[in-house]
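What the coordinates show
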Amino acid sequence: MPTNINGNSGIDRIQDGSVHDVDIAPDSSIGFIKQWKMTSSPTQNIVITAAAGTTGATSGTYTGVEIAMTPKDINSWFRVHWDTCCDDTGGGGAATGAGGVGIILSMHTPTTGWVRVRDTGSHAFYYNTMSDEYFRPALDTVVKAVNTEEHTFRIYMKIHTTVRYRININIANSLYANGWNNNHFEVQELNGATFNNGNYT
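One structure accompanies this document, and this report is about it.

Thresholds applied
Along each chain, the written sequence defines residue order, and numbers are assigned to residues from 1. Reporting of local features is limited, given that this is a predicted model, to residues whose pLDDT is at least 70; pairs of side-chain atoms are given and counted only at 80 or more, and all residues count toward the totals for whole chains, interfaces and linings. Computation of side-chain values: all heavy atoms of the structure, hydrogens and water removed. Each helix is a run of H or I in the DSSP string that is no shorter than four residues. Each strand is a run of E no shorter than two, and both are numbered from the N terminus. Burial status follows relative accessibility: with a 1.4 Å probe on protein chains alone, a residue under 20% of its type maximum counts as buried, one over 50% as exposed, and anything between as partly exposed. Here, two residues are considered to be in contact whenever any of their heavy atoms come within 4.5 Å of each other. Two rings from Phe, Tyr or Trp (for Trp, the six-membered ring) form a pair when their centres sit within 6.5 Å of each other. Planes less than 30 degrees apart are called stacked, planes more than 60 degrees apart edge-to-face, and all others tilted. Nonpolar cores are built from buried Ala, Val, Leu, Ile, Met, Phe, Trp, Tyr and Cys residues. Side-chain atoms within 4.5 Å join them into one set.

**Let's talk about the overall build of the chain**
In terms of helices and strands, the chain carries 0 helices and 15 strands. Within the span of the chain, comprising 201 residues, buried residues form 48% of the whole. For the chain, restricting intrachain contacts to residue pairs at least 6 apart in sequence, the fraction spanning at least 24 positions comes to 77%.

**Brief notes about the packing of aromatic side chains**
With the rule as written, the count across this model stands at 5 aromatic pairs. For the ring pair Tyr-62 and Tyr-156, a centre distance of 5.5 Å and an interplane angle of 40° mean the geometry is tilted. Of the two residues, Tyr-62 is situated in strand β5 (residues 61–69) and Tyr-156 in strand β13 (residues 151–160); the sequence distance between them amounts to 94 residues. Judged by centre distance (5.1 Å) and plane angle (65°), the ring pair of Phe-78 and Phe-153 falls under edge-to-face. Of this pair, Phe-78 sits in strand β6 (residues 77–84) while Phe-153 sits in strand β13, and the two are 75 residues apart along the sequence. Of the two residues, Phe-78 and Phe-153, neither departs from the other in class, the shared state being buried. The rings of Phe-32, Trp-77 and Phe-195 are connected pair by pair, giving a single aromatic cluster.

**Things to note about the nonpolar core**
Formed by 27 residues in total, the largest nonpolar core has its most connected members in Val-101, Phe-153, Tyr-165, Phe-185 and Val-187. Mapped onto this core, the elements with two or more residues apiece are β5, β6, β8 (98–109), β12 (138–144), β13, β14 (165–167) and β15 (183–190). Core analysis: the next-biggest nonpolar cluster, separate from the first, contains 7 residues, Trp-36, Met-38, Trp-77 and Phe-195 among them.

**Some remarks on unusual backbone geometry**
One non-glycine residue, Asn-45, adopts positive backbone phi at about 55°. Note that Asn-45 resides in the loop between β3 (33–39) and β4 (46–47). Among the residues examined, Asn-45 registers a relative accessible area of 30% and is labelled partly exposed. Positioned with a positive phi, Asn-178 is a non-glycine residue whose angle comes to about 55°.

Put into structure tokens, the structure is as follows:
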């Protein structure tokens, strides 16, 4: 169930990969967060197979969950956050050479289809011949609404060279609770006089 944040309540928990809505004063003329959805992919240990140079909107390795949101206004912006726990895996571990991962943010509306709207490149998280690797790739950005249709967001990943990596990893001493599976995905709709998009268009 959605949870309203009005200074007296908290936010809803994520459970079993389902998307939970958090409406923050959606009709307020003061607040600028109109919608807030979050989730965690239930799929663990996804091996990234898409190669460097992958540029298609859906040609990377899918991270296992999506968020859909219909903007309340054509002039709204979406703030997108995603992070995961990642490590090198067998059959091309880090000791074999230089490697890295990149993050693709893809957005879909019925009119536009899937469009690659952000791409960090496969050098965004890069390591050179390390014996063992654990790290936490993340993406934070804003994207403008393109129409008043439902916008669906997905994260895809790609690898640099031959080192293989996996995400949403199941590692020792982790605690998977209340739907959290070593990854977090959220989208907020922003719109209001107090929001400034700077040089983003």
